[in-house]
Amino acid sequence: MKQVVKQIRERIKVELQLKNIKYELWRLDDTEYRLLQTNSIYIKNNFTLYRELYLSEPDK
């Protein structure tokens, strides 16, 4: 009997909210990116962005 094993992995994501709309930006792995690259954009690692996001919501 064949068994399907689903891999559960922790994803890297950024949650944003603007005008009562919640956005989630997820990091894709290489396989997902290749499958979706025609409809995706690249987000460069940027320490300044992370710092600004962190400092913009001091209660979290």
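Scroll up to find the structure this text is about.
These figures come from a predicted structure and were not determined experimentally. (Residues numbered from 1 in each chain as written. Predicted model: local features only at pLDDT ≥ 70, side-chain atom pairs only at ≥ 80, totals over all residues. Heavy atoms only, no water.)

Asks: Hey, could you run me through the overall build of the protein chain in this one?
Replies: Of the regular secondary structure elements, the protein chain holds 2 helices and 2 strands. For the protein chain, the α and β elements follow one another from N to C terminus as β-β-α-α. Within the span of the protein chain, comprising 60 residues, buried residues form 2% of the whole. Summed over its atoms, the accessible surface of the protein chain is roughly 6,800 Å², and 55% of this surface lies on carbon and sulfur atoms. (Helix = DSSP H or I, 4+ residues; strand = E, 2+ residues; numbered from the N terminus. Buried < 20%, exposed > 50% of the residue type's maximum accessible area, 1.4 Å probe, protein only. Areas by Shrake-Rupley, 256 points an atom, 1.4 Å probe, with all protein chains shown as cover.)

Asks: Help me understand the pairing of strand 1 (residues 13-18) in this model?
Replies: Within a regular strand, side chains alternate between the sheet's two faces. Here strand 1 pairs with strand 2 (residues 21-26) via 6 bridges, running antiparallel. In the strand pairing of strand 2, Leu-16 is matched with Tyr-23. Count of turn residues in the strand 1/strand 2 antiparallel hairpin: 2 residues, of which Lys-19 carries a positive phi of about 50°. (Pairing = 2+ DSSP bridges.)

Asks: I keep staring at the pattern of salt bridges and nothing clicks. Help me out?
Replies: For side chains of opposite charge, pairing can occur when their charged atoms come near one another. The full count for this structure, using the stated rule, is 3 salt bridges. With a shortest N-O distance of 3.0 Å, Glu-15 and Lys-13 are connected by a salt bridge. Judged by relative accessible area, which is 36%, Lys-13 ranks as partly exposed. The structure contains a network of salt bridges with shared partners spanning Lys-13, Glu-15 and Glu-24. (Salt bridge = Lys/Arg side-chain N within 4 Å of Asp/Glu carboxyl O.)

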